[in-house]
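# Overview (structure and organization)
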Amino acid sequence: MSDEQERNSAFNAAANINVQHAQLQDLSLSAARRLYKGGIRPGDPIRTRVQAQEMLDKIPPSQRAGIDGKSTDVNTQKYLSDKHASHIKPHSKGGSNDPKNIKWENAKDNLARGDKPMTSQEQMRLDAKWHFDNLTGAVKAGVKAAPLGAAIGVATAAPFSLLTNALRVVRGEISAQEATIETLKDTVKGGTVGGVTAFVTTTVAAACPPIAIALTAAAPVLAVVGTAGMVYEFFKILDDHKQTVKIYYESLTKQELERLQAIENELIYEHQKNLEFLVEAEAINQEITNRPIAPGIEGAMQRLRESVAIAKSLGLTSADSKLLAGSQVPHILTEE
């Protein structure tokens, strides 16, 4: 899987992540009532809209996050279902209903405290619980988003990997079975990249509303970048194939020329050897032809011995002439 395909999978997964945090206008009447009236005794004035928004912001961001207004309302109500708006300084001791004096707390803990002030240790425990709830809610949102991100990563990587490996099969670089294995590997890797991107992006966005807002604003840009990257990758694969084929055929042409040159050099060498042999044979023929002819038997014997010596120098054996058997001149011809 190329770096471009990994980036495209990541961009496309991030572009399709949608994280929203509950706003007052998104909430149902029952959820909004908790924000306006939570912790307020009968007869006291309810909170203003600004204060109600502050009460909403006291809920861990990930616990009031969703993919749309409806899901943010459902998640907010779920979080508040077992919570009380607990006063840090009890109402009975002059504590106000201002959000600064309120913390969301499990109902049983608030009831167990009664009208006692909330200690610093209890406040620290609630603050730690707030961060823990925010983290667990963010991770939960990330886990829910991961399958969609993985599917987007697969859809992004698979077609390009299939095209790349199919062209490699056409070029004879790998077999069809190897191409299938490589495509599966790239597809799994693309799904992993998409899933991890979706998990991390959603987790961070759910836990941090500004990141979610920035991600929502950047989604169209990420989608454009991802699409442009896919278009670029498509033409790059085709161009790489074209260049590889060109280099391949150029190498074939060069190899063929080198092979033909080697054959030609061998033929020239053999021809030269033949020419040298013919020149040598001509010299020997001239030597044989121009030998002086001595009279009588002694002269004939001398010519025979010379002929045998010449034949042996040329590599002739008894298989070529019986006169060469044992390289001896027939005995009958040596008797006086």
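As the structure is a prediction and not an experimental result, all values here were calculated from the model.

### What to know about the environment of Tyr-79
By the secondary structure assignment, Tyr-79 is in helix 4 (residues 69–80). Sequence separation between Tyr-79 and Pro-60 is 19 residues, and the spatial gap between their C-alpha atoms is 9.1 Å. For Tyr-79, the residues in contact, after removing those within four places along its chain, are Ile-59, Pro-60, Gln-63 and Asp-133.

### Let's talk about the layout of surface pockets
Reported here for the largest pocket is a volume of approximately 600 Å³. Along its surface, the largest pocket is lined by 22 residues, and Ala-65, Gly-66, Asn-75, Ala-141 and Lys-144 are the ones closest to its centre. Where the lining of the largest pocket is concerned, the elements lending two or more residues are strand 2 (65–66), helix 4, helix 6 (120–170) and helix 7 (176–207). Considering every element that reaches the lining of the largest pocket, the biggest residue donor is helix 6, with seven residues. Grouping the constituent residues of the lining of the largest pocket by class yields nine nonpolar, 10 polar and three charged. Its volume calculated, the second largest pocket comes out at about 300 Å³. Around the second largest pocket sit 16 residues that line it, and Arg-41, His-87, His-91, Asn-110 and Gly-114 are the ones nearest its centre.

### Here's the deal with the confidence of the model for the chain
Residues at a pLDDT of 70 or more form 90% of the chain, whose mean pLDDT is 84. Least confident of the elements in the chain is helix 10 (residues 331–334), whose mean pLDDT is 46; most confident is strand 4 (residues 102–106), at 95. When the criterion is pLDDT under 50, residues 331–336 qualifies, and its contacts beyond four places in sequence or with other chains add up to four contacts.

### Some thoughts on the nonpolar core
Counting residues in each nonpolar core, the largest one holds 16 residues, and the members touching the most others are Leu-27, Leu-35 and Trp-104. Top element by residues in this core is helix 2 (residues 29–37). It accounts for four residues. The contact partners of Leu-27, leaving out residues within four places of it in the chain, are Ala-22, Ala-32, Leu-35, Leu-56, Asp-73 and Thr-76. In terms of nonpolar packing, the next biggest core, distinct from the first, is built from 13 residues, Ile-17, Ala-65, Ala-212 and Leu-215 among them.

### Quick notes on a nonpolar patch on the surface
Where nonpolar side chains cluster on the molecular surface, the patch consists of Val-196, Val-200, Val-204 and Ile-211 and spans about 300 Å² of accessible area. A per-element tally of the nonpolar patch places helix 7 first, with three residues. Here Val-196 is to be found in helix 7.

### Points about the environment of Gly-142
If you trace the backbone, Gly-142 turns up in helix 6. Along the primary structure Gly-142 and Thr-197 are separated by 55 residues, whereas in three dimensions their C-alpha atoms are 9.4 Å apart. For Gly-142, the residues in contact, after removing those within four places along its chain, are Phe-199, Thr-202 and Thr-203.

### Let's talk about the pattern of salt bridges
All told, the structure shown has 12 salt bridges when counted by the stated rule. Between Glu-105 and Arg-125 there is a salt bridge, and its shortest N-O distance comes to 3.4 Å. In this pair, Glu-105 is assigned in strand 4 and Arg-125 in helix 6, connecting sequence segments 20 residues apart. Given the relative accessible area of 1%, Glu-105 is considered buried. Take Arg-125: its relative accessible area is 39%, and that puts it in the partly exposed class. Arg-168 serves as the salt-bridge partner of Glu-173, at 3.4 Å between the closest nitrogen and oxygen. Residue classification places Glu-173 among the partly exposed positions, given a relative accessible area of 40%. Residue classification places Arg-168 among the partly exposed residues on the basis of a relative accessible area of 25%.

### Considerations on the pairing of strand 4
Burial within strand 4 is extensive, with four of its five residues counted as buried. Where strand 3 (residues 83–87) and strand 4 come together, five bridges link them in antiparallel fashion. Within the sheet, the bridge partner assigned to His-84 lies in strand 4 and is Glu-105.

Rules of the game
Residues numbered from 1 in each chain as written. Predicted model: local features only at pLDDT ≥ 70, side-chain atom pairs only at ≥ 80, totals over all residues. Heavy atoms only, no water. Helix = DSSP H or I, 4+ residues; strand = E, 2+ residues; numbered from the N terminus. Contact = heavy atoms within 4.5 Å. 1 Å grid on protein atoms, 1.4 Å probe; cavity = no way out; pocket = protein on both sides within 12 Å on 5 of 7 lines; lining within 4 Å. Points joined across faces, edges and corners; volume = space filled by probe spheres on them. Nonpolar A, V, L, I, M, F, W, Y, C, P; charged D, E, K, R; others polar. pLDDT = per-residue confidence, 0-100. Core = buried A, V, L, I, M, F, W, Y, C linked by side-chain atoms within 4.5 Å. Buried < 20%, exposed > 50% of the residue type's maximum accessible area, 1.4 Å probe, protein only. Patch = residues over 30% accessible without salt bridge, like charges linked within 9 Å, V, L, I, M, F, W, Y side chains within 5 Å. Areas by Shrake-Rupley, 256 points an atom, 1.4 Å probe, with all protein chains shown as cover. Salt bridge = Lys/Arg side-chain N within 4 Å of Asp/Glu carboxyl O. Pairing = 2+ DSSP bridges.

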